[in-house]
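# Coordinates in review
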Amino acid sequence: MSGMTKSKSAFNLKVDLVDGTTADTNIAITGITTDDELIFVGHFSTKASIATLVDDTANCSITSDGNIQSGTDTSSDLLQVFWVDNSL
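Calculation rules
- Residues numbered from 1 in each chain as written.
- Predicted model: local features only at pLDDT ≥ 70, side-chain atom pairs only at ≥ 80, totals over all residues.
- Heavy atoms only, no water.
- Patch = residues over 30% accessible without salt bridge, like charges linked within 9 Å, V, L, I, M, F, W, Y side chains within 5 Å.
- Areas by Shrake-Rupley, 256 points an atom, 1.4 Å probe, with all protein chains shown as cover.
- Salt bridge = Lys/Arg side-chain N within 4 Å of Asp/Glu carboxyl O.
- Helix = DSSP H or I, 4+ residues; strand = E, 2+ residues; numbered from the N terminus.
- Pairing = 2+ DSSP bridges.
- Axes fitted to C-alpha atoms, helices over the stretch in contact; angles between N-to-C directions.

We now examine a nonpolar patch on the surface. On the surface, a nonpolar cluster with roughly 240 Å² of combined accessible area is contributed by Leu13, Val15 and Ile39. With respect to the helices and strands, Ile39 occurs in strand β3 (residues 37-45).

Okay, here's the thing in structure tokens:
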């Protein structure tokens, strides 16, 4: 049928907590592909004693299958990555 779209379910939403790194460096996210969609990337500063949470989504992208990058230096920090798995 034309005009129909694939519905998303809660099972399409994935969440990963990963270590940060220097700007424009690959950050491994198991299962993510370039066909998927970043929903939110929270930047927790600092990993040793979390004091702030900043929305870093606009600075992030899926650069290759299995990797994202942030244009922000997130060294010594944590990233919480919410993404939609479009293969489901």
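This is not the end of the story, as more comes after the structure.
Two elements, β3 and strand β7 (residues 78-84), share seven bridges in a ladder whose sense is antiparallel. By the bridge assignment, Leu38 is partnered in β7 with Trp83. Of the strand pairs in this sheet, β3 and strand β4 (residues 52-55) are connected by four bridges, and their pairing is antiparallel. Counted as the bridge partner of Ser45 is Thr52 from β4.

Take the sheet that holds β7 next. Overall, antiparallel pairing links the four strands, which are arranged β1-β7-β3-β4 in an open sheet. In this open sheet, the two strands that pair with only one neighbour each are β1 (13-19) and β4. Mean inter-strand twist for the sheet, computed between neighbouring axes without regard to direction, equals 20°.

The strand order β2-β6-β5 describes an open sheet built from three strands, whose pairing is antiparallel. Both edges of this open sheet fall to β2 (27-28) and β5 (60-64), since each of them pairs with a single strand only. With four bridges connecting them, β5 and strand β6 (residues 67-70) associate as antiparallel partners. Each residue of the ladder has a partner; that of Ile62, found in β6, is Ile68.

The next point concerns unusual backbone geometry. Here the bond from Ser45 into Thr46 is cis, since omega is -20°, no more than 30 degrees from zero. Along the chain, Thr46 falls in the loop between β3 and β4. For Asp24, which is not glycine, the phi dihedral falls at a positive 60°. For Asp24, the location among the structural elements is in the loop between β1 and β2. Positive phi, close to 70°, is recorded for Ser76, a residue that is not glycine. Residue position: Ser76 is located in the loop between β6 and β7.

By themselves, these are just geometric observations and shouldn't be taken as functional.
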